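One-letter residues, chain by chain:
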Amino acid sequence: MTVPSGRRERKKAATRQKIADTALRLFLDRGYDAVGIREVAAEADVAVTTLFSHFACKEALVFEQDEDFEQRLTQAVTGRAPHEPLIPALRGEIQALVRHCTADSAAPIWHMIDGSPALRRYDESMRLRHAETLATAIAADPELSPTATASRTIARFVIDAYALAREAAEPEAAVDEIFGMIEAAWEAASTSRRG
């Protein structure tokens, strides 16, 4: 997560983290559907309006690192060195996310997400948003100059790689296998643009 620089930003970040940590603890202890927003706010010792100033909805409390991940994906595209290949940069971010999401400590969270239709819907909409943001970053890179379709397709493949690898028996091996296919698709798109 990006480290805030000023005192006020650090305080806001600490409050946000406290709310997210409290919500997750309550959700895991009692079940996602059994805990209301007011209970989370009370337990975190903040007003409901403060909670909503940090999180747009109850589902967002579970996916509190959503914005950070989206920024990291964009940075993998925009922060590459000149002539650095795109796909390996994206692969590194997806590998890091898969490692984080498949750690033993994450298993109860994913069990909760998988058991909640509301959380599964939110996860899907979040992944679609990430794919659109990533596609925009890819399309804006003058060095890459892909078509809009190529940008959107590769972005969806990259985001889906995370979900598929997370569910695989051997997640890191799955990332390698999936990114081999993504690399081939990107190369085919690049060849057709050059040809």
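The structure this text deals with has already been given above.
About the criteria used
Residues numbered from 1 in each chain as written. Predicted model: local features only at pLDDT ≥ 70, side-chain atom pairs only at ≥ 80, totals over all residues. Heavy atoms only, no water. Axes fitted to C-alpha atoms, helices over the stretch in contact; angles between N-to-C directions. Helix = DSSP H or I, 4+ residues; strand = E, 2+ residues; numbered from the N terminus. Parallel < 35°, antiparallel > 145°, perpendicular 65-115°, else oblique. Left-handed = near helix turned anticlockwise from the far one by under 90°. Contact = heavy atoms within 4.5 Å. Nonpolar A, V, L, I, M, F, W, Y, C, P; charged D, E, K, R; others polar. Core = buried A, V, L, I, M, F, W, Y, C linked by side-chain atoms within 4.5 Å. Buried < 20%, exposed > 50% of the residue type's maximum accessible area, 1.4 Å probe, protein only. Disulfide = S-S within 2.5 Å.

Undergrad: Kindly report on the packing of helix α5 (residues 86–101) against helix α8 (residues 148–167), identifying the contributing residues and their values.
TA: The axes of two packed helices give the description: the angle between them and the distance between them. Running from N to C, α5 and α8 cross one another at 30°; their axes reach a closest spacing of 9 Å. Viewed along their axes, α5 and α8 adopt a mutual orientation that is roughly parallel. Considering the relative orientation of α5 and α8, their crossing is right-handed. For the pair α5 and α8, the contacting residues are I87, L90, I94, L97, V98 and C101 in the first and I154, V158, Y162, A165 and R166 in the second. When the residues that make up the contact of α5 with α8 are grouped by side-chain class, the tally is 10 nonpolar, no polar and one charged.

Undergrad: Kindly report on the nonpolar core, identifying the contributing residues and their values.
TA: Most often, soluble globular proteins have nonpolar side chains that are buried together. Ranked by internal contacts, the top residues of the largest apolar core, which has 57 residues, are F27, V40, L90, I94, L134, I138 and F179. Sorting the residues of this core by element identifies α1 (7–30), α2 (37–44), α4 (66–78), α5, α6 (107–114), α7 (117–140), α8 and α9 (171–194) as the ones contributing at least two each. What L134 contacts, discounting residues up to four positions off in sequence, is L73, V77, L90, A155, V158 and I159.

Undergrad: Run through the state of the cysteines, naming residues and quoting values.
TA: Enumeration according to the criterion identifies zero disulfides in this entry. Just so you know, C57 is unpaired, no disulfide at all, and the nearest cysteine sulfur is the one on C101, 18 Å from it. Residue class for C57 comes out partly exposed when judged on its relative accessible area of 21%.

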